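Architecture at a glance
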Amino acid sequence: MLAVASLAAAAAATKPMRGSSRRSNSGAPSRVEVAVDAGKVVNPAVNKRWMGCHSDFGFNQTPRGFTSNIIYGSSFEAGTMAVPAWSTVTNAPGNTTAGLLPGQSFGSKPSMGLSVAAGAPADAYVAAVNRGLGGVGLAFVGGATYDVTVWVWAGAPNITAYVELRDFRANTSLARVDFTAISTGPPWGSTWIPYNFTLTPSASTACVNIPYGSDPNIDCGTPATPAHICVNCGGEFRVGTVGAGAGIMVGFVSLSPGPWGLLHGPTGPLPVLQSAADALVAMGITAIRSGGSASQSIRWSDWRGPVWARASQQQAWYDSLLSGWGPFEVVDMANALGIEPIITMAYDSNDALAWADLVEYCWGAANTSWGGRRIADGHLEPYN
């Protein structure tokens, strides 16, 4: 909006006289020139909520565009895509087994069992394979770090497990770490242990556009339209075990870019892709509302604490099966970008006491019940 003194003067000077067509001698409309004084431009205050964005974590696409974890089905959920979230691979068919173990759960969810028979060759292996949402493949940046966390249970000592980044189109290993899965007791008493690694792929994986429906191993989502592009990238993640008699259970997996690919807040990196943050800034978003129709089935307390322990991991209003992207991640991202965060949640599954607890969780000091829990969850500062 411009408010300049010269604008009114110019308009008055060029206002046609009554009965005049304001045409030049040639018969063409006359040219009007308006001088703008940039020093007198006024930018009126506009409510930030008028220029906002709606982010509904009830869908696959919204949280997947923001969250730093590029694994689809971190807790081995079935998923909602036509292509399974996980597949398995082995070099010793008949000597290895792999599959979900409903009776051996991690955080009330079935774990993935991977085992090699005692009489198998010494180099026999079996692994669970993830190629991201829809099986389209992962786009790794060569020379850049990636952080991996896997929760593993081992019922026997000295079990060799491994995590690996691969280019499946080139059938090449880009980065791999072998480690010993620790057994903390007999099979009936061993506990789950998180293992953390940093992997640096030796090369990037390329992404190419392919015709919609041309690859049965890829789910491109909605039906094809003239503007629909189906993508195939060459990267995949593996977690497995190797060696005769080896056997592990895997409960939770995350794979994220290192600090180079993350949005940084006041206290350090956030679980937010820098590329997504850059897109919001480029769009000029000044407010973002998190929730929408999916809020009908959300209790705020299901979205706090360690990602792998959240009840929201199984929240599947439409396609969402992701516990790592909820209202509190949105608040931190918005605060880091100077965007106003707005969160919406259900009135029927959150009673008055729950709303009061939410306020205390966001703003309470360490000596309050819910404020102390926020700090214990790793968030020292309030959620603004």
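Up top you'll find the structure we're talking about.
Residues numbered from 1 in each chain as written. Predicted model: local features only at pLDDT ≥ 70, side-chain atom pairs only at ≥ 80, totals over all residues. Heavy atoms only, no water.

**Digging into the overall build of the protein chain**
In plain terms, the rule: Numbering goes from the N terminus for both helices and strands, where a helix is a DSSP run of H or I of at least four residues and a strand is a run of E of at least two. Note on classification: 1.4 Å probe, protein chains only; a residue is buried when its accessible area is under 20% of the maximum for its type, exposed when over 50%, partly exposed between these limits. In this analysis, two residues are considered to be in contact whenever any of their non-hydrogen atoms come within 4.5 Å of each other. Only the protein chains shown count as cover for residues, and all accessible areas are computed by the Shrake-Rupley method using a 1.4 Å probe.
Helix and strand counts for the protein chain come out as six helices and 17 strands. For the protein chain, buried positions account for 43% of its 384 residues. Partitioning the intrachain contacts of the protein chain with sequence separation of at least 6 by distance along the chain shows that 70% fall at a separation of at least 24. A total of about 19,000 Å² of accessible surface is found on the protein chain, and carbon and sulfur atoms cover 57% of it.

**Focus: the environment of Phe-76**
With respect to the secondary-structure elements, Phe-76 resides in the loop between helix H2 (61–66) and strand S2 (86–90). Take Phe-76: its relative accessible area is 5%, and that puts it in the buried class. Through-space distance from the C-alpha of Phe-76 to that of Asn-130 is 10.0 Å; in sequence the pair is 54 residues apart. Residue contacts for Phe-76: discarding those within four places in its chain leaves Trp-86, Leu-100, Pro-110, Met-112, Ala-128, Val-250, Gly-251, Phe-252 and Val-253.

**A word on the state of the cysteines**
To keep things clear, this is the line we draw: Disulfide: a pair of cysteine sulfur atoms within 2.5 Å of each other.
This model, assessed by the stated rule, comprises two disulfides. Residue pairing for Cys-207: its cysteine sulfur links by disulfide to Cys-233, the two sulfurs lying 2.0 Å apart. Sign of the S-S torsion, about 110° for the bond between Cys-207 and Cys-233, identifies this disulfide as right-handed. Separated by 26 residues along the polypeptide, Cys-207 in strand S10 (residues 207–210) and Cys-233 in strand S11 (residues 230–233) bring together distant segments of the chain. On the basis of relative accessible area, Cys-233 is assigned to the buried category, the value being 6%. Linked covalently through their sulfurs, Cys-220 and Cys-230 form a disulfide whose S-S length is 1.5 Å. Here Cys-230 lies in strand S11 and Cys-220 lies in the loop between S10 and S11, a separation of ten residues in the sequence. Of the two residues, Cys-220 and Cys-230, both sit in the buried class. Each disulfide of the protein chain joins two cysteines, and with those cysteines numbered along the sequence the arrangement is 1-4, 2-3.

**Concerning the nonpolar core**
In a soluble, globular protein the nonpolar side chains are often hidden away together inside. For the record, the criterion: Take the buried residues of types Ala, Val, Leu, Ile, Met, Phe, Trp, Tyr and Cys, join any two whose side-chain atoms come within 4.5 Å, and each joined set is a nonpolar core.
In terms of nonpolar packing, the biggest core is built from 41 residues, with Trp-86, Val-150, Val-163, Phe-237 and Leu-255 touching the most fellow members. At the level of secondary structure, the elements contributing two or more residues to this core comprise strand S4 (109–116), strand S5 (125–130), strand S6 (146–153), strand S7 (159–167), strand S8 (172–181), strand S9 (193–199), strand S12 (235–242) and strand S13 (247–257). Counting 16 residues, the second largest nonpolar core, distinct from the first, contains Phe-66, Ala-277, Ile-285 and Trp-325.

**A few points about helix H4 (residues 327–337)**
Most of H4 sits inside the fold, with eight of its eleven residues counted as buried. Gly-338 occupies a position one or two residues after H4 and carries a positive phi of about 75°.

**Digging into the packing of helix H5 (residues 352–363) against helix H6 (residues 369–376)**
Heads up, the rule is: Simply put, an axis is a line fit to the C-alpha atoms, just over the touching stretch for a helix, and the angle between two N-to-C directions goes from 0 to 180 degrees. The scheme is simple: roughly parallel for angles under 35 degrees, roughly antiparallel for over 145, roughly perpendicular for 65 to 115, oblique for anything else. Each helix crossing is assigned a hand: it is left-handed if the near helix lies turned anticlockwise from the far helix by less than a right angle, otherwise right-handed if that turn is clockwise. Lys, Arg, Asp and Glu make up the charged group, whereas Ala, Val, Leu, Ile, Met, Phe, Trp, Tyr, Cys and Pro make up the nonpolar group; the residues left over, Gly among them, are polar.
Relative orientation of the contacting elements H5 and H6 amounts to 50°, with a least axis distance of 7 Å. By the angle between their axes, H5 is oblique relative to H6. Two packed elements cross with a definite hand, and for H5 against H6 that hand is right-handed. Seen from H5, the contacting residues are Asp-357, Glu-360, Tyr-361, Cys-362 and Trp-363; seen from H6, they are Ser-369, Trp-370, Gly-371, Arg-373 and Arg-374. Per-class residue counts for the contact of H5 with H6 are four nonpolar, two polar and four charged.

**Notes on the sheet that holds S7**
Sheets are built from strands that pair by backbone hydrogen bonding, the pairs being arranged parallel or antiparallel. Applied cut-off: If DSSP finds at least two bridges between two strands, the strands pair.
Read from one edge of the open sheet, five strands run S2-S5-S12-S7-S8, paired in antiparallel fashion. Of all the strands in the sheet, the pair left with one neighbour each is S2 and S8. Averaged over all neighbouring strand pairs, the angle between strand axes comes to 20°, with direction disregarded. In terms of strand pairing, S7 meets S8 through nine bridges, oriented antiparallel. The residue of S8 that forms the bridge with Ile-159 is Ala-181.

**Quick look at the packing of aromatic side chains**
How we decide: Under the pairing criterion, centres of Phe, Tyr and Trp rings, with the six-membered ring standing for Trp, must be within 6.5 Å; the plane angle then separates stacked pairs below 30 degrees from edge-to-face pairs above 60, leaving the rest tilted. Both a distance and an angle decide whether a charge sits over a ring: NZ of Lys or CZ of Arg must be within 6 Å of the ring centre and within 35 degrees of the ring normal.
Within the structure shown, the criterion is met by 17 aromatic pairs. With 6.2 Å between their ring centres and 80° between their planes, Trp-300 and Phe-328 make a pair best called edge-to-face. Residue Trp-300 is found in the loop between strand S16 (287–290) and H4, and its partner Phe-328 is found in helix H4; the two are separated by 28 residues along the sequence. Of the residues examined, Phe-328 reaches a relative accessible area of 3% and is grouped as buried. It is Arg-176 that lies over the ring of Tyr-162; its NZ or CZ is 3.8 Å from the centre.

**Some words on H6**
Using the following cut-off: Think of it as the arc spanned by the lines of direction from the helix axis to the C-beta atoms. Under the rule applied, a polar contact is a pair of N or O atoms within 3.5 Å (in protein, one hydrogen donor and one hydrogen acceptor; residues adjacent in sequence only if both atoms are side-chain atoms).
Listed in full, the buried residues belonging to H6 are Trp-370, Gly-371 and Arg-374. Down the axis, H6 shows its buried residues gathered within 105° of arc, on one side only. Residues of H6 that are buried make contact with H5. Between a side-chain oxygen at the N-terminus of H6 and the backbone nitrogen of Gly-371 the separation is 3.0 Å; the capping residue is Thr-368. Backbone geometry just after H6 places Gly-378 at a positive phi near 100°.

**Section: a nonpolar patch on the surface**
Going by this rule: Exposure above 30% relative accessible area and no salt bridge define the residues that can form patches, which grow by joining like charges within 9 Å and nonpolar side chains of Val, Leu, Ile, Met, Phe, Trp and Tyr within 5 Å. When a carboxyl oxygen of Asp or Glu is within 4 Å of a side-chain nitrogen of Lys or Arg, the pair counts as a salt bridge.
Nonpolar side chains collect at one region of the surface, where Val-32, Val-34, Val-36 and Val-41 lie side by side and expose about 310 Å² of accessible area between them. Looking at where Val-34 falls in the secondary structure, it is placed in the loop between helix H1 (5–13) and strand S1 (52–55). By relative accessible area, which is 43% here, Val-34 ends up partly exposed.

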